[in-house]
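# Summary of the model geometry
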Amino acid sequence: MHATSLQKFIHNSELIHPEMTDNDQNNKNSRRSFLKNAAAASFTIASADAIAFAGENPADKSNSKDEIPWYRRVTRWGQTNITEKDPAHYDIAWWRKHWKDTQTQGVIINAGGIVAYYPSKIPLHRQAQFLEGRDLFGDLCRAAHEEGLVVFARMDSNRAHEEFYKAHPDWFAIDGSGKPYKAGELYITCVNSPYYDEHIPSILKEVSNLYHPEGFTDNSWSGLGRDSICYCENCKRKFREKTGKEIPQGKNWDDPAYRQWIRWNYDRRLEIWDLNNRATKSAGGTNCIWSGMNSGSVSGQSKSFRDYPEICRRAEIIMLDSQARSDSDGFQQNSATGKLIHGLLGWEKLIPESMAMYQAGKPTFRLASKPVAEARMWMIEGMAGGIQPWWHYVGASHEDRRIYHTAGPVFQWHKTNEEFLINRTPVATVGVVWSQENMDFYGRDEADMLVELPWRGIIQALIRARIPYIPVHADHIDREAKNLSLLVLPNLGLITDRQVAAVKRFVEGGGGLLATGESSLYNKGGDRRPDFALSELFGAHAEKQPANAGKTARKWAAEASHTYLRLTPELRKNVDGPQTGLEPNISGIRHNVLKGFEETDILEFGGMLETIKTDSGVEVLMTYIPPFPIYPPETAWMREPKTDIPGLMLNTVSGGGRIAFMPADIDRQFGRYNLPDHGNLLANLIRWAAKDQIPLSVACAGLLDCNLYQQPGRLVLHLVNLTSAGTWRQPVDEYIPIGPAKVRVKLPEGVPGKKLQLLVSGQKISASVEKGWVHFTIDSISDHEVVVLT
Ligand SMILES: [Zn+2]
C-alpha cells in the first residue's frame, strides 16, 4: 500500500488507547456484544455452527457429526503473550474491545508450564511472579468465551525453576559432565522423564476441567534440541532398551549410533504429541486437541526433532511460530512455508501463524512497534501461501500505542475476503522437491549450505520469473504428478529408493526434471552411493570417488571460488584471440536454454566441480573453468580456459520428459549472491524442461510473488509486490507501487474467465479470452492484489 493510503487506512480504523476504555461500562456491554458478535460471525464458512457455538462450551458439541470443528473454521487469531508482570494490571475490558476491533475469532492465552496464570493445585506448578492469587487465565478464558471466541490454552513445557529441579533432579536434562542443562536461571526438563509423562498431562487435565478451553498449544514442547545430548538416567535406560546401545558420546554423523539417536529423538517427540492429545481429549472431548507450535523453517524443525510429515499426519491444525522474515529469505519465505506445510497437511486444514506486531527479528525490541509496512507484508505473504493471520504482542500494555493499529486493517480485509483465501488448491506445474531426511542426514550440520541455499536459489528464480510452483515432499511425487510438468531437485542429495522410483515414473510419463549438484548421490541413511541413483535419467555418472569425496563436496559448498562456466558452442573463433565484440557468430547455434547470453562465451560461477562421465547422446552445454587468481589483477587470467568437465547437460529418455542436470551448483550460487545471470539461466532451464507448460505470465517491472489457486468455478491469483527499498534488508517502511502489469492466465475447464474482481484495489477492469487464456492489465499494485476470475 502506498504511504498515503496506508495512513488513511490507519485513521479509518478506530483509534484505541488503553486509557479510553472503562471496565464497568465494558462489562455491562459484554452480553450485548456477545449477541452482536454471534450474529456477526455468520459470515464464517460454518455460519450456523458459529452462532450456535458462540458462548457455549465447545466440548459439549464435540459429538455432533455435522459440526465443522472450531479448528477448521476459526481463521483470525490473536495473542497477548502474558509477561509475569501483567497480572497486576491486565485490562481485560480493553482487550475485549481489541479482539472485536480486529475481527479476531480465537485467542491464545498463557495458562501454564514454566509458570501458571491461574491458581493451580498441581505440585510445583509455580505461580507467575505477580499473579497474587488472581485467576488471570480463567478471567480471560471466560471473557473470550463470552465474546464468542475460541481459546487455545498456551503451555510452555520446556523448563522450570530451581525448586522444581531440587525436588526432581531426575526429571531434568543432564550434559556429558553430569551437570543440568540450563537456560538462564531455568533448568531444561528432559522429554524422557515423568515431567512429560505425568506432570504436563496433569496440568492439561486441570486446565481443561476448570476452564474448558477449546484446545491447547505449547510454545517449546519438544525439549532439548539436536545440539545438546541428554545423559540423564531416563534417557540412558530408554535408549539402551530401544537399541541395545549407549547414548553416543558426542556428535558424529558417521557413527550409526548417532543417527539412531537422531531417529529415536524424533520418535519420542511424536509420542509426546500423541500423549498430550490423549490427555486433552480425554479431559475436554474429541475436539479438544493439543497442537504444539512448529517452526516455519524445515531446518528449525530438524534441529528440534520435530518431524513435519509425521506431525502433519496427526495434526488437525498447525500452529506456526514464525514471526518475521530473515533478510536472506525475504517475505516470500512465508508464502513458500504456507504451501510447503499445506502440501503435508492438506489444503482443507488451517495454519494460523504468529505474526509479530513488535520489532521481531534483527534487531528485536519486544515493546516497540514494528514498522507497519514490514508487519503487513509478512502477513500478506503468509495469506498468499494459505496461512491465517494471528496478531502477536508481548505484554498486555504498551507505551508504544502504534502497535495496536497494525493488525486491524489487515484483519478487516481478511474478514471481507476470507472465502477466497481458504479452502483452495494451488495451480502450479512446477514442483520443488524436499524432504526432512535430506535436511537431517545429507545436510547434517551444514544444511544451510547444502540444502537451504540451493532451495532458496530455485525458489527465488521461480518467483523472479513469475512461475507458480509448489513445494513437493519427496514421498508425495506420485500424488502430485498428474498436475505437474516439472520436478526440481535442488541439490536433493538424499533420496530413498522409493522416491527414485517415483521420479523415474514421472519422467517416463513425460514429466520434466531439473536436478542440481549432488542430487540422488546419497542413500536413505545419508551415505554416499557409488553413482547417482538417477544416473540413467541424467545420462551422467559420478567418477569413482576417493574416500573423502563427501567431505570435499561439503568443503566446496561453503567456499567461494574464482571459477567460470564456458558456454558451448562458443560464439567466438577462439578464446585467446582479440575480443572486440565485433566478430561474427561463426561457431553455430546455441540451445534455447542459453538464450540471453549471446554476447558472452562464459558465465561467472563461483563453485567447484568434480569430473562427471556422460553417456552418449547427452548434450553438454556448459563446461567448467577451474579457479585462477583474483589478486593482484596482473594474475587474473585463465590458467586452463577449457576443460571437458560438464557443468550443465541435457538429456531425454525415449518417450519421456526433458532432463536438465547441473552438476554446477548454480542454484546455491543464486541463493547466495543473487546474480541475475544465474537466475535467468535457472528460469530458462525450468521453462525448457517444463516444455513451457506454465499457466501464468505477468509482464511488468518489479519483484512479484505470484500464487495461483483454484476453487470450484473460479481462479484466485494472489500477486504480492515485493519491490521496495527494503526487499533484502528489513524493515520495509513504505511500499513502491508497480504497474501496469499485463497478466495472462491459462483457464482450467469450468472457469470462463470473463469476469474479474480485484479484491484489494476494487478497480473495475475488463478481460479478453483467447485460446483458453485470459488477458488483462492491472494498472497499479501497491502491496498486493488478489484477482478472482470466474
Ligand atoms: Zn534425558
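For the structure, see preceding data.
What this report covers is the structure whose coordinates are included nearby.

What counts and what doesn't
- Along each chain, the written sequence defines residue order, and numbers are assigned to residues from 1.
- Predicted model: local features are reported for residues with pLDDT of at least 70 only, side-chain atom pairs are reported and counted for 80 or more only, and whole-chain, interface and lining totals are derived from all residues.
- With hydrogens and water excluded, all non-hydrogen atoms of the structure serve as input to the side-chain values.
- Here the rule is simple: two strands pair whenever DSSP picks up at least two bridges between them.
- Every helix listed is a DSSP run of H or I at least four residues long, and every strand listed is a run of E at least two residues long, numbered separately from the N terminus.
- Angles shown run from 0 to 180 degrees and are taken between the N-to-C directions of axes, each axis being a line fitted to C-alpha atoms and, for helices, limited to the stretch in contact.
- In this analysis a donor is any N, O or S atom within 2.8 Å of a metal ion (3.2 Å for sodium, potassium and calcium), and since water is not included, sites may seem incomplete.
- Working rule for geometry: tetrahedral if four donors all subtend angles between 85 and 135 degrees; square planar for four, octahedral for six, if opposite donors exceed 155 degrees and the others stay between 65 and 115; irregular in every other situation.
- A cavity here means a set of 1 Å grid points, computed over protein atoms only, where a 1.4 Å probe fits but cannot escape. A pocket is an open set with protein on both sides within 12 Å along at least 5 of 7 lines, and lining residues have an atom within 4 Å of a point.
- Grid points are joined across faces, edges and corners, and a volume is the space filled by probe spheres set on the points.
- To estimate the expected span of a helix, subtract one from its residue number and multiply by 1.5 Å.
- Categorising residues by exposure relies on relative accessible area from a 1.4 Å probe, with only protein chains included: less than 20% of the type maximum marks a residue as buried, more than 50% marks it as exposed, and the intermediate range marks it as partly exposed.
- Comment on the angle field: the value is read as roughly parallel under 35 degrees, roughly antiparallel over 145, roughly perpendicular from 65 to 115, and oblique elsewhere.
- Two helices crossing with the near one rotated counterclockwise from the far one by less than a right angle form a left-handed crossing, whereas a clockwise rotation gives a right-handed crossing.
- Contacts are residue-level and defined by heavy atoms, with any inter-residue pair within 4.5 Å sufficient.
- Identification of polar contacts relies on pairs of N or O atoms within 3.5 Å, with a donor-acceptor requirement for protein atoms, meaning one able to donate a hydrogen and the other able to accept it, and with residues adjacent in sequence counted only if both atoms are side-chain atoms.
- Whenever a carboxyl oxygen of Asp or Glu lies within 4 Å of a side-chain nitrogen of Lys or Arg, that contact is scored as a salt bridge.
- Definition of nonpolar core: a set of buried residues of the types Ala, Val, Leu, Ile, Met, Phe, Trp, Tyr and Cys, connected through side-chain atoms within 4.5 Å.

Here we come to the sheet that holds strand β24 (residues 646-652). Strand order in the open sheet formed by nine strands is β16-β15-β17-β18-β25-β24-β23-β20-β21, with mixed pairing between adjacent strands. The open sheet has two free edges, formed respectively by β16 (469-473) and β21 (602-604), since each of these has just one partner strand. When the angles between neighbouring strand axes are averaged without regard to direction, this sheet yields 20°. Sheet analysis places strand β15 (residues 430-434) next to strand β17 (residues 486-489), joined by three bridges and oriented parallel. Across the sheet, residue Val-432 finds its bridge partner in β17, namely Val-488.

To continue, consider the coordination of the zinc ion. Coordination of the zinc ion by the protein involves Cys-190 (SG), Cys-230 (SG), Cys-232 (SG) and Cys-235 (SG), with metal-donor separations of 2.2 to 2.3 Å. One can describe the donor arrangement at the zinc ion as tetrahedral, given that its four donor atoms subtend angles of 100 to 120° at the metal.

Scanning the model with the defined rule gives eight cavities of 30 Å³ or more in all. Roughly 270 Å³ of volume is contained in the largest cavity. Lining the largest cavity are 22 residues, and of these Gly-517, Glu-518, Ala-553, Met-608 and Pro-663 sit closest to its centre. Among the elements that take part in the lining of the largest cavity, helix α21 (residues 549-558) stands out by supplying three residues, more than any other.

Bringing the sheet that holds strand β31 (residues 768-770) into the picture now. Spatially, four strands are ordered β26-β29-β32-β31 in an open sheet, and the strand pairing comes out antiparallel. Of all the strands in the sheet, just β26 (696-699) and β31 have a single pairing partner and so form its edges. Within the sheet, the average angular offset between the axes of one strand and its neighbour, ignoring direction, is 20°. Bridge analysis of β31 against strand β32 (residues 773-778) gives three bridges, and the strand direction is antiparallel. When the bridges of β32 are listed, Glu-770 appears paired with Trp-773.

Counted at 1.5 Å a residue, the expected span for helix α14 (residues 372-384) with its 13 residues is 18 Å, and the 18 Å between its end C-alpha atoms agrees. Counted residue by residue, α14 has twelve buried out of 13 residues, so it is predominantly covered. Residues of α14 that are buried include every one of Ala-373, Glu-374, Ala-375, Arg-376, Met-377, Trp-378, Met-379, Ile-380, Glu-381, Gly-382, Met-383 and Ala-384, and no others. Positive phi appears at Gly-386, one or two residues downstream of α14, with a value of about 90°.

Right, let's talk about the packing of α14 against helix α15 (residues 407-417) for a bit. Interhelical geometry of α14 versus α15 gives an angle of 20° and a closest axis separation of 10 Å. As summarised for this structure, α14 and α15 are arranged roughly parallel, according to the angle between their axes. Crossing angle aside, the handedness with which α14 passes α15 is right-handed. Only Ala-407, Pro-409, Val-410, Phe-411, Trp-413 and His-414 of α15 make contact with α14, whose side of the interface consists of Arg-376, Met-379 and Met-383.

Here the focus is the side chain of Gln-730. Structurally, the position occupied by Gln-730 is in the loop between β28 (714-721) and β29 (741-746). The buried category is assigned to Gln-730, whose relative accessible area is 13%. One polar contact links the side chain of Gln-730 to the main-chain carbonyl oxygen of Arg-325, over a distance of 3.2 Å. Excluding anything up to four places from it in sequence, Gln-730 contacts Arg-325, Ser-326, Asp-327, Ala-360, Lys-362 and Glu-374.

The next thing to look at is the pairing of β16. Successive side chains on a regular strand alternate, one facing one side of the sheet and the next facing the other. Most of β16 is tucked away: five of the five residues are buried. Residues Tyr-469, Pro-471 and His-473 point to one face of β16 and Ile-470 and Val-472 to the other, with burial holding for every one of them. Two elements, β15 and β16, share five bridges in a ladder whose sense is parallel. Along β16, the bridge assignment pairs Val-432 with Pro-471.

What follows deals with the pattern of salt bridges. Counted by the stated rule, this structure contains 48 salt bridges. For the salt bridge of Lys-100 with Glu-147, the shortest nitrogen-to-oxygen distance reads 3.7 Å. Of this pair, Lys-100 sits in helix α5 (residues 92-101) while Glu-147 sits in the loop between α6 (136-146) and β3 (150-156), placing them 47 residues apart in sequence. Among the residues examined, Lys-100 registers a relative accessible area of 27% and is labelled partly exposed. One network of salt bridges, in which partners are shared, links Arg-226, Asp-227, Lys-251, Asp-440 and Asp-445.

Of all hydrophobic cores here, the largest spans 207 residues; its most connected members are Phe-137 and Ile-318. Take this core: its biggest share by element is eleven residues, from helix α17 (residues 447-464).

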